[in-house]
Amino acid sequence: MKQRSSPVTHKAEADFDAVVIGAGFGGIYALHKLRNELGLTVRAFEKGGGVGGTWYWNRYPGAMSDVDGHVYKYSFDKELLQEWDWHTRYTPQAETLAYLETVVERHDLARDIQFDTAVESAAYDEFHDVWTLTTDTGETVTARYVVSALGPLSSRNFPDIKGLDRFEGTLVHTSAWPEDLSIDGKRVGVIGTGSTGTQFVCAASQTAAHLTVFQRTAQYVVPSGNGPVDEAEKAAIRADYDRIWEQVRTSRVGCGFEESDVPAMSVSEEERRRVFQEAWDLGNGFRFMFGSFGDIAVDPDANEAAAEFIRSKIREIVKDPETARKLTPSDLYAKRPICNQGYYEAYNRDNVSLVSLRETPIVEATAKGVVTEDGVEHELDVLVFATGFDAVDGSYKQMDIRGRGGETIREHWEDGASSYLGVSVAGFPNLFMVLGPNSAFSNLPPGIETQVEWIAELVKAVEDGGLASIEATREAEDAWSVTCQETADYTLFPKVESWIFGANIPGKKRTTMFYFAGLGSFRDKLREVTAAGYEGYVLR
Ligand code: N01
């Protein structure tokens, strides 16, 4: 750690000590940490009309967290964990939103959040160590620190479909679902079968007059095991929260179940099938992938065994063999795991049909719907894009962020998004990202807490030292990129096309965007960096 010897005082030179961008899980906690715990003056800007981030925008039918609800929360507010009541294993969108609103109220945060305001630019003045930010409401503010909690899955991806402007029905992206849009009794089409699309299919199949699913790549989907939680289970969870969070923080994916270390091929075929069946019955995608055996995401044979088990379930569940064939994936089981209730079963309903876009791509939209290559016109009242996001760096590239020497973040990331520890970028002092590129691949709330606490620690180091700035070195950032690449290459994840590596966006450079060695290992790394005097950072 390098330090400038003469302390400087910057408080008077900026409107706020810190600006937080976004009021989702990350921004809310950052505001709480910096204002309520470090005593800084903070202004948060939120483009939405309320708090919640992902849980504010994603109101599509079926939207819910697919990680067990009791660990899809903050761990810091222990009292609220004791008071909070819930009814089902997974938390529906409206309940997570209500939870976040409650956190904001309990910690008196709303008075420092400016809603309906998007930050458009942020530029660093390296002579005065101050960031200047402009908003779409025409305001300009200055701050010594910027915490950007933009959300890794917030920049929407829309497929380019010829003639879409001709469509006379309703077009909607799942993450911009209007509160008053009902699909009940309507002819609905959905493009995309990721975590979002499959959740939507389960819900929409129950209420739409007809649902046409446009699938590009078949997915491995396991049951979520959702259902009611009784009072005894809730009491047991509440009494055990300290141990639960400790387990989450030291685990790989942070989802609250015991992860397996047993190699899949070390047991007999019969035992393997028994374990997969048990995981299938218990439900949860992360649990199926990381809790059944320890090497499904890394060993090709183990992966194929898990994949084949799921394929056998598709054959068993889906009655029409042609639909089952289209739904059966042939690639590796190495995307962010998906689970929900009744996905494959939905295709047995008379009101659901499946179109394989690999076999019959959409050629154009018409006034009435979309036409596929086989000449069929699919008539629709509502066309839903469950087509995902320009993930991780996409939301940053929409903003004009300039660091030292006027370098833009787009220029800095020309060869692929990078950071030091998912938080800091060389040449962008005092800018801290929550879930920036190369953050831990895990359940997001504990990942977010880890990073926000780290950011607060870094800010405190600057404040306590009477210093002006903290900045990652280029060497540290490059070394972290190599580490993340190595952790990814150890797994099978880079071998399939998914948003995790930017493969879903045409023209986007394929880069590793996560640290794959787990949340526990990521937290160890942060402790090592602290113990080594903030190694990889320059404090001035
Ligand atoms: O997005 P996705 P998502 N033409 O990118 C298809 C989190 N999440 O919103 O596979 C046709 O995964 C695309 O097809 P293909 C979670 O981390 C969490 O579903 O690229 N199709 C795919 O089927 C998740 O991983 C929860 O061939 C096109 C789909 O659209 C992440 O968000 C709930 C297309 C996009 O899938 C993203 O999930 C929901 C095109 N041009 C989401 N472009 C929780 O429960 C894309 N597709 C917490």
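The name an unreviewed UniProt entry assigns to the protein chain is NAD(P)/FAD-dependent oxidoreductase, from the organism Streptomyces montanus.

Colleague: Explain the overall build of the protein chain residue by residue, including any values.
Modeller: Within the protein chain, the secondary structure is distributed over 17 helices and 22 strands. Here the C-alpha atoms of the protein chain give a radius of gyration of 24 Å, agreeing with the 24 Å that 2.2 N^0.38 yields for 540 residues. Each of the 540 residues in the protein chain was classed as buried or not, and the buried ones make up 59%. In the protein chain, the proportion of contacts linking residues at least 24 apart, taken out of those at least 6 apart, comes to 72%. Element-wise, carbon and sulfur atoms account for 49% of the exposed surface of the protein chain, whose accessible area totals about 21,300 Å². Distance between charge centres in the protein chain, computed from 54 positive and 83 negative side chains, equals 1 Å.

Colleague: Quick rundown of the sheet that holds strand β16 (residues 382-385)? Include the residues and the values.
Modeller: Pairing between the strands of a sheet comes from backbone hydrogen bonds, and it takes one of two forms, parallel or antiparallel. With respect to topology, 5 strands assemble into an open sheet ordered β7-β16-β8-β9-β12, the strand pairing being parallel. Strand pairing shows two members of the sheet lacking a second neighbour, β7 (170-173) and β12 (352-356), which therefore form its edges. The mean inter-strand angle of the sheet, taken between neighbouring strand axes irrespective of direction, is 20°. Note: β7 against β16, 4 bridges, orientation parallel. Paired with Val172 across the two strands is Val384, which belongs to β16.

Colleague: So, the sheet that holds strand β15 (residues 377-379): which residues are in play, and what are the values?
Modeller: With antiparallel pairing, 3 strands are arranged side by side in an open sheet as β13-β14-β15. The two strands at the open ends of the sheet, each matched to only one other strand, are β13 (362-365) and β15. Taken over all neighbouring pairs, the strand axes of this sheet differ in orientation by 25° on average, direction set aside. Two strands pair when backbone bridges link them, and β13 and strand β14 (residues 369-372) are joined in this way by 3 bridges, in the antiparallel orientation. For Glu364, the partnering residue across the bridge sits in β14 and is Val371.

Colleague: For the state of the cysteines, give the residues involved together with the corresponding values.
Modeller: Inspection of every chain in the model, using the stated rule, returns 0 disulfides. For the unlinked cysteine Cys202, the closest cysteine sulfur is that of Cys339, found at 9.8 Å. When its relative accessible area of 11% is taken as the criterion, Cys202 is described as buried. A disulfide-free cysteine, Cys339 has its sulfur positioned 9.3 Å from the sulfur of Cys255, the nearest such atom. Judged by relative accessible area, which is 3%, Cys339 ranks as buried.

Colleague: If you had to explain helix α7 (residues 241-250) to someone new, which residues and values would you point to?
Modeller: Counting along an α-helix, one turn takes 3.6 residues, and residues three or four places apart therefore face a common direction. All buried positions along α7 are accounted for by Tyr241, Ile244, Trp245, Gln247 and Val248. Across the axial projection of α7, the buried residues extend over an arc of 160°, all falling on one side. In α7, the exposed positions angled more than 90 degrees off the buried face are occupied by Asp242 and Thr250.

Colleague: Talk me through unusual backbone geometry; I want residue IDs and the actual numbers.
Modeller: Even without being glycine, Asp108 reaches a positive phi, approximately 55°. Tracing the backbone shows Asp108 in the loop between α4 (93-106) and β3 (113-114). Residue Asp108 is classed as partly exposed on the basis of its relative accessible area of 39%. Notably, Asn430 is not glycine yet its phi reads approximately 60°, a positive angle.

Colleague: A description of the site of the ligand should follow, citing residues and the corresponding values.
Modeller: Around the ligand, the structure places 25 residues, and the nearest of them are Asp66, Thr193, Thr196, Arg216 and Thr217. Here an oxygen atom of the ligand and a side-chain polar atom of Arg216 are 2.8 Å apart. Between the ligand and the protein, one listed contact pairs an oxygen atom with a backbone N or O atom of Ala386 at 3.3 Å. Within the complex, 86% of the 910 Å² of free accessible area of the ligand lies under protein.

Colleague: I'd love a proper account of the packing of aromatic side chains, names of residues and values included.
Modeller: What characterises a pair of aromatic rings is the spacing of the ring centres plus the angle enclosed by the ring planes. Counted according to the given criterion, the structure contains 39 aromatic pairs. Centre to centre, the rings of Phe25 and Tyr72 are 5.5 Å apart; their planes meet at 85°, and the pair counts as edge-to-face. With a gap of 47 residues between them, Phe25 in helix α1 (residues 25-37) and Tyr72 in the loop between α2 (54-57) and α3 (78-83) connect regions that are remote in the sequence. When the ring of Phe276 is compared with that of Phe293, the centres are 5.4 Å apart and the planes differ by 80°; the resulting orientation is edge-to-face.

Colleague: Quick one: what's the story with the pattern of salt bridges, residue by residue and with numbers?
Modeller: Close approach of charged atoms lets side chains of opposite charge pair. Per the counting criterion, the structure on display carries 40 salt bridges. The partner of Asp108 in a salt bridge is Arg111, and the shortest N-O contact between them spans 2.7 Å.

Colleague: Got a sec to walk through the UniProt feature "domain: FAD/NAD(P)-binding" (unreviewed entry) in the protein chain? Specific residues and values, please.
Modeller: If you check UniProt for "domain: FAD/NAD(P)-binding" (unreviewed entry), the listed places come out as residues 17-221 in our numbering. From the first C-alpha to the last, residues 17-221 spans 46 Å; its make-up is 24% helix and 24% strand.

Colleague: Describe the environment of Thr473, with residues and values.
Modeller: Note on placement: Thr473 falls in the loop between β20 (470-472) and α16 (474-489). Its relative accessible area of 19% is what places Thr473 among the buried residues.

Colleague: Break down the packing of helix α8 (residues 269-282) against helix α10 (residues 300-317) for me, with residues and values.
Modeller: Between α8 and α10, the least distance of the axes is 11 Å, while the angle of their chain directions is 65°. Note that α8 runs across α10; the crossing there is right-handed. Facing Arg272, Arg273, Phe276, Gln277 and Trp280 of α8, the residues of α10 in contact are Ala305, Ala306, Phe309, Ile310, Ser312, Lys313, Glu316 and Ile317. Of the residues belonging to the contact of α8 with α10, the class tally is 7 nonpolar, 2 polar and 4 charged.

Criteria and thresholds
Residues numbered from 1 in each chain as written. Predicted model: local features only at pLDDT ≥ 70, side-chain atom pairs only at ≥ 80, totals over all residues. Heavy atoms only, no water. Helix = DSSP H or I, 4+ residues; strand = E, 2+ residues; numbered from the N terminus. Rg over C-alpha atoms; globule rule 2.2 N^0.38 Å. Buried < 20%, exposed > 50% of the residue type's maximum accessible area, 1.4 Å probe, protein only. Contact = heavy atoms within 4.5 Å. Areas by Shrake-Rupley, 256 points an atom, 1.4 Å probe, with all protein chains shown as cover. Lys, Arg positive; Asp, Glu negative; His and termini not counted. Charge placed at Lys NZ, Arg CZ, Asp CG, Glu CD. Pairing = 2+ DSSP bridges. Axes fitted to C-alpha atoms, helices over the stretch in contact; angles between N-to-C directions. Disulfide = S-S within 2.5 Å. Arc of directions from axis to C-beta. Near = heavy atom within 4 Å. Polar contact = N/O pair within 3.5 Å; in protein donor to acceptor, adjacent residues only side chain to side chain. Phe/Tyr/Trp six-rings, centres within 6.5 Å; stacked < 30°, edge-to-face > 60°. Salt bridge = Lys/Arg side-chain N within 4 Å of Asp/Glu carboxyl O. UniProt positions renumbered as here; feature names shortened; annotations may be inferred. Left-handed = near helix turned anticlockwise from the far one by under 90°. Nonpolar A, V, L, I, M, F, W, Y, C, P; charged D, E, K, R; others polar.

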